[in-house]
Amino acid sequence: MDHRPGPRMTPYALAFGRDQLDDRLFPPIAEEAAARDLPLDDPDRFLFLGSVGRLLRAVAGDPGDGDREGAPRAREPRADMGEEMRQHGRLLYHAFHHWRGGRVTRSVDEATLRGLLDGPPPVGDWRLTAPAPAGYLQLPRNLVWAAPAASMRPEPADGLFWMLLREGTPALHVLLALGVREDRPGFSVIPVTGVPDDVPHWADVDARPGGKDFETTLPGGEMDHLYSLETPAEILKLASLCFRRLDPAGG
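Everything in this summary refers to the structure shown in the same document. (Residues numbered from 1 in each chain as written. Predicted model: local features only at pLDDT ≥ 70, side-chain atom pairs only at ≥ 80, totals over all residues. Heavy atoms only, no water.)

This next bit is on the overall build of the chain. Per the secondary structure count, the chain includes eight helices and seven strands. The buried share of the chain, reckoned over its 251 residues, is 49%. For the chain, restricting intrachain contacts to residue pairs at least 6 apart in sequence, the fraction spanning at least 24 positions comes to 62%. Split by element, the accessible area of the chain, about 12700 Å² in all, is 51% carbon and sulfur. (Helix = DSSP H or I, 4+ residues; strand = E, 2+ residues; numbered from the N terminus. Buried < 20%, exposed > 50% of the residue type's maximum accessible area, 1.4 Å probe, protein only. Contact = heavy atoms within 4.5 Å. Areas by Shrake-Rupley, 256 points an atom, 1.4 Å probe, with all protein chains shown as cover.)

A few words now on the pairing of strand E5 (residues 171–178). Extensive coverage of E5 is indicated by the burial of eight of its eight residues. Side chains Ala171, His173, Leu175 and Ala177 project from E5 onto one buried face, and the interleaved Leu172, Val174, Leu176 and Leu178 project onto a second face that is buried too. In the sheet, strand E4 (residues 155–165) pairs with E5 via eight bridges, with the strands oriented antiparallel. Across the sheet, residue Leu165 finds its bridge partner in E5, namely Ala171. (Pairing = 2+ DSSP bridges.)

Another point: the pattern of salt bridges. This structure, assessed with the given rule, holds nine salt bridges. In this structure, Asp22 engages Arg103 in a salt bridge whose closest nitrogen and oxygen atoms are separated by 3.1 Å. Linking Asp22 in helix H2 (residues 21–25) with Arg103 in the loop between helix H6 (81–100) and strand E1 (105–107), this pair joins segments that are 81 residues apart in sequence. By relative accessible area, Asp22 is classed as buried at 4%. Judged by relative accessible area, which is 36%, Arg103 ranks as partly exposed. For Arg114, the salt bridge is made with Glu110, and the minimal N-O distance between the two is 2.9 Å. Placement of both Arg114 and Glu110 in helix H7 (residues 110–117) is noted, with a separation of four residues, approximately one turn of the helix. Its relative accessible area of 15% is what places Arg114 among the buried residues. (Salt bridge = Lys/Arg side-chain N within 4 Å of Asp/Glu carboxyl O.)

Glancing now at the nonpolar core. Formed by 42 residues in total, the largest nonpolar core has its most connected members in Leu113, Val144, Trp162, Leu172, Leu176 and Leu238. Elements represented by at least two residues in this core include exactly H7, strand E3 (144–146), E4, E5, strand E6 (188–194) and helix H8 (232–246). For this core, the leading source of residues is H8, giving seven residues. Core analysis: the second largest hydrophobic core is formed by 31 residues, Phe26, Leu55, Ala134 and Phe187 among them. (Core = buried A, V, L, I, M, F, W, Y, C linked by side-chain atoms within 4.5 Å.)

What follows is about unusual backbone geometry. With the exception of glycine, most residues fall at negative phi, and the peptide bonds are largely trans. In this structure, Asp19 takes a positive phi of about 50° despite not being glycine. Along the chain, Asp19 falls in the loop between helix H1 (11–16) and H2. Among the residues examined, Asp19 registers a relative accessible area of 61% and is labelled exposed.

What follows is about the packing of aromatic side chains. The full count for this structure, using the stated rule, is nine aromatic pairs. Ring centres of Phe46 and Phe96 lie 5.7 Å apart, and the angle between their planes is 45°; on these two criteria the pair is classed as tilted. On the criterion of sequence distance, the pair formed by Phe46 in helix H4 (residues 43–46) and Phe96 in helix H6 is long-range, its members being 50 residues apart. Here the two residues Phe46 and Phe96 agree in accessibility, since each one is buried. On the basis of an interplanar angle of 40° and a centroid distance of 5.7 Å, the ring pair of Phe96 and Trp99 is categorised as tilted. (Phe/Tyr/Trp six-rings, centres within 6.5 Å; stacked < 30°, edge-to-face > 60°.)

Set out below in structure tokens:
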């Protein structure tokens, strides 16, 4: 199985990079928020912006909004779009902040990630930080797996978007991107939010009750020494471990 870390297309580039789509879709969101003096940090309030709503309706197939901003449109709206639209909303939130923050992208190689997930020593006293307030962390190909929902088959994790908030209510918003391939239309996502109240980070938490953190649940996955993400806490722990490794002061 290919775990090579070589350069590859990110989910952001696949969804928003073609024909400078991001530079046409996202400025109206920033302009509306500035005109209305609305904060953009909260993912739920972000969805109430009119420009965001128009993009989401275009994705759902509203004939009044399709292609207005060049956004893709589903062929027909479906009755089960509620959860799917929430996922699209989180993707727009993270993609917007990725664009706004200068499209920061970081990666970890296979040896480094294995060292982090195979039982590193406790991190201890470290305040969660990230390479930038918002960005995308790309993982080695086909090494970490997760299921988009309990009833769905696991897919390989390409990486995760992050948004780390320090002002107001501190929070780490993460969007795990699964099944990213250039020959596949779209990809799966898992949104997770963590609030660092009792702990300064998630690197030392026991993230899988009744099991070993990151242990594979794929049939035969132990033969290739693969990893699985079964709980939201494991996703936050993965992010924390990688962020500490990328922090020049983290050791």
